[in-house]
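If you want the building blocks of each chain, they are given just below.
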Amino acid sequence: SQAAWCVLPSRVLLVLTSQKGIQMYESDGSIMVYWHALDVTEHPPAQAVFARGIAAAGGRFICVGTSSGPVLVFDIPHKGTNVTVSEVLEEHRDAITDIAAELGQAPDGAGDVVTADDAGTLCIWSSGEEFTLLNKIPAFGCTCSSVKLWNGVVAAGYGNGQIRLYEAATGVLRAEVSAHARWIYALDLAPLTGKLLSGAEDSFVHVWKLSRNLDTDDIEIEHCHAECVTDTQICGARFCDPEGCSFAVTGYDLSEIFRYSQV
Amino acid sequence: VMNDIITTMFNKKFMEELFKPQELYSKKALRTVYDRLAHASIMRLNQASMDKLYDLMTMAFKYQVLLCPRPKDILLVTFNHLDAIKDFVRDSPGILNQVDETFRQLIEMYSSLSAGEFQLIRQTLLIFFQDMHIRVSIFLKDKVQNSNGRFVLPISGPVPWGTEVPGLIRMFNRNGDEVKRTEFTTDGNYVIPQREGSFDLYGDRVLKLGTNMYSVSRPVETHMSGSSKNLASHAKESIAPNPLAKEELNFLARLLGGLEIKKPGGSETGFRLNLFTTDEEEEYAALTRPEELSYKVVNIEATQEPGRRAELARILGELEVAEPRPASSGKGEDLL
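Residues numbered from 1 in each chain as written. Chains lettered and ligands numbered in written order. Predicted model: local features only at pLDDT ≥ 70, side-chain atom pairs only at ≥ 80, totals over all residues. Heavy atoms only, no water.

**Digging into the pairing of strand 1 (residues 2–7) of chain A**
Residues and elements named next belong to chain A.
Part 1: Alignment of strand 1 against strand 2 (residues 12–17), held across six bridges, turns out to be antiparallel. Residue pairing for strand 2: valine 7 is matched across the bridge by valine 12.
Part 2: Two successive antiparallel strands, strand 1 and strand 2, enclose a turn made up of four residues. (Pairing = 2+ DSSP bridges. Helix = DSSP H or I, 4+ residues; strand = E, 2+ residues; numbered from the N terminus.)

What follows is the structure, given as structure tokens:
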């Protein structure tokens, strides 16, 4: 199950995914705006059925991934409950792991949505009444567990502990980081500074800094900081502010949320 | 005892049932299946010993699943379990065959799953074990568990197969040429693994998780937080037999010789396994077990929920419980 805030210009919705389907609530949690049941018959028999990966895109849509590969695109009205399925994106063959929308300023042709799956395939889309597939980045043999998009740069975290940066407009690999010794569970990005947060089962949380120079076409990543949460497999990590000066961390069997701040 | 338990566990119908795609068992269902398996021979355990054995099994399995370096390694752990079981019955070709058959089914069904699918299985298992922190003395001694019940996660050692040692950043230009290379350091101290474990019917699994914890005689106390201090600070080591450890059969034989036979009514005879040092201790453990840790084992006839009863009946219907055999006066020798 997942929960995510989807911030659209007109409203904020809380989207929850589970094995049964997708629920959308008003931001105070008071009213369920929409319920979408997952069609079990559309999935191969004896396979787990679930929705996973949530992102608000294009100021109008909410994208949710499914366990058989298709991505559901919901058209969200300014207010009220008249949510409709605008499109089903059928490019992935494996369970969707994560979806991200552009958090900064996309350069021309870079698209504004990226979807990732269990096999490690990434798809870059341009949102709209009809989504356009701009690039498909083939898998290299490992699950892509989480993905972020910023200034036309895709940051992808993998099950083998690697972080990769791709150029969204071309699909070209621009950086490879041997970041963690175990499965990366979480990536987050602070849009005002380009700071990237990664959390993994190896107990480590790392803060990185992405930079992109559009004139020189340099894309760089540098390591800023590491924290080890002793004896904890990190399951979630999020920046608490858009500059990335503080972040929160959760882990398996942990009843607390740890918060770290820059002094 | 060993043969009976393993024969029951790998019974064809039971395995067929297990291999069907299904949700994870509820905690009650799992405990009930476990109870039946543990009693699939002439061996009997009282509530307290049964609870203790189940605690041990639960925490050991949790440890193995949690520490798996890669999600696919849960399959290697399973193979380690099966390798050990095969060794226990290596002189009984009939049972050995049953185990091999299960081995083949596992290979067929699971070998081709993706890392993501294995991780989903692993996450589902970990959710089942979430918030269980029973302290196991063998783990405490080996420093794999802290005194607060949490497992130690080492930040050194070999990285999983397919992962690089953390530290390198490589940057490329548009054409794919490497233009910059930097390094970062952490407290971790990782090394490259030597080789990958084998997923074949026979082979070196490389991974140690899932191998016999009791290949050397070890104390097997479990401690629950908030439980009586008397039990926790008991000076004597309790060298309790693990029913699946062939090396412990000698101890079992001695136990049989010394224990009074419990005759549970009628003509059935058997021996009772006590995982505590004395009967009184066992009774005391039963009385003082914290409420939140009681397993509430379901008596299948007594359960109220029809759905639950049907689920259990289906599972247990596949488990044939061996009739306890009458014990002779030289029963210790018979078992060896």
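**Some thoughts on the packing of helix 5 (residues 73–88) of chain B against helix 6 (residues 93–110) of chain B**
Residues and elements named next belong to chain B.
Part 1: Packing of helix 5 against helix 6 brings their axes to within 10 Å, and their N-to-C directions diverge by 170°. It follows that helix 5 is roughly antiparallel to helix 6 by the angle criterion. Contacts between helix 5 and helix 6 involve Leu75, Thr78, Phe79, Leu82, Asp83, Ile85 and Lys86 on the former and, on the latter, Leu96, Val99, Asp100, Phe103, Leu106, Ile107 and Tyr110.
Part 2: Residues belonging to the contact of helix 5 with helix 6 are distributed by class as follows: 10 nonpolar, one polar and three charged. (Axes fitted to C-alpha atoms, helices over the stretch in contact; angles between N-to-C directions. Parallel < 35°, antiparallel > 145°, perpendicular 65-115°, else oblique. Contact = heavy atoms within 4.5 Å. Nonpolar A, V, L, I, M, F, W, Y, C, P; charged D, E, K, R; others polar.)

**A word on the interface of chain B and chain A**
Part 1: Taken together, the contact between chain B and chain A spans 49 residues of the former and 44 residues of the latter.
Part 2: Carbon and sulfur atoms make up 50% of the area that chain B and chain A hide from each other, which totals about 3600 Å².
Part 3: For the interface between chain B and chain A, the tally reads six salt bridges.
Part 4: Across the pair glutamate 176 of chain A and arginine 170 of chain B runs a salt bridge whose closest N-O atoms are separated by 3.6 Å.
Part 5: If you look at where chain B meets chain A, you find 23 residue pairs in polar contact (both at pLDDT 80 or more).
Part 6: Looking at the side of chain B that touches chain A, the elements that each hand over two or more residues are helix 4 (47–67), helix 7 (115–128) and strand 4 (168–172) of chain B.
Part 7: Tallying contributions element by element places helix 7 of chain B first for the side of chain B that touches chain A, with nine residues.
Part 8: By residue class, the composition of the side of chain B that touches chain A is 25 nonpolar, 13 polar and 11 charged. (Buried area = accessible area lost by both parts, 1.4 Å probe. Salt bridge = Lys/Arg side-chain N within 4 Å of Asp/Glu carboxyl O. Polar contact = N/O pair within 3.5 Å; in protein donor to acceptor, adjacent residues only side chain to side chain.)

Any functional reading would require information beyond the geometric quantities listed.
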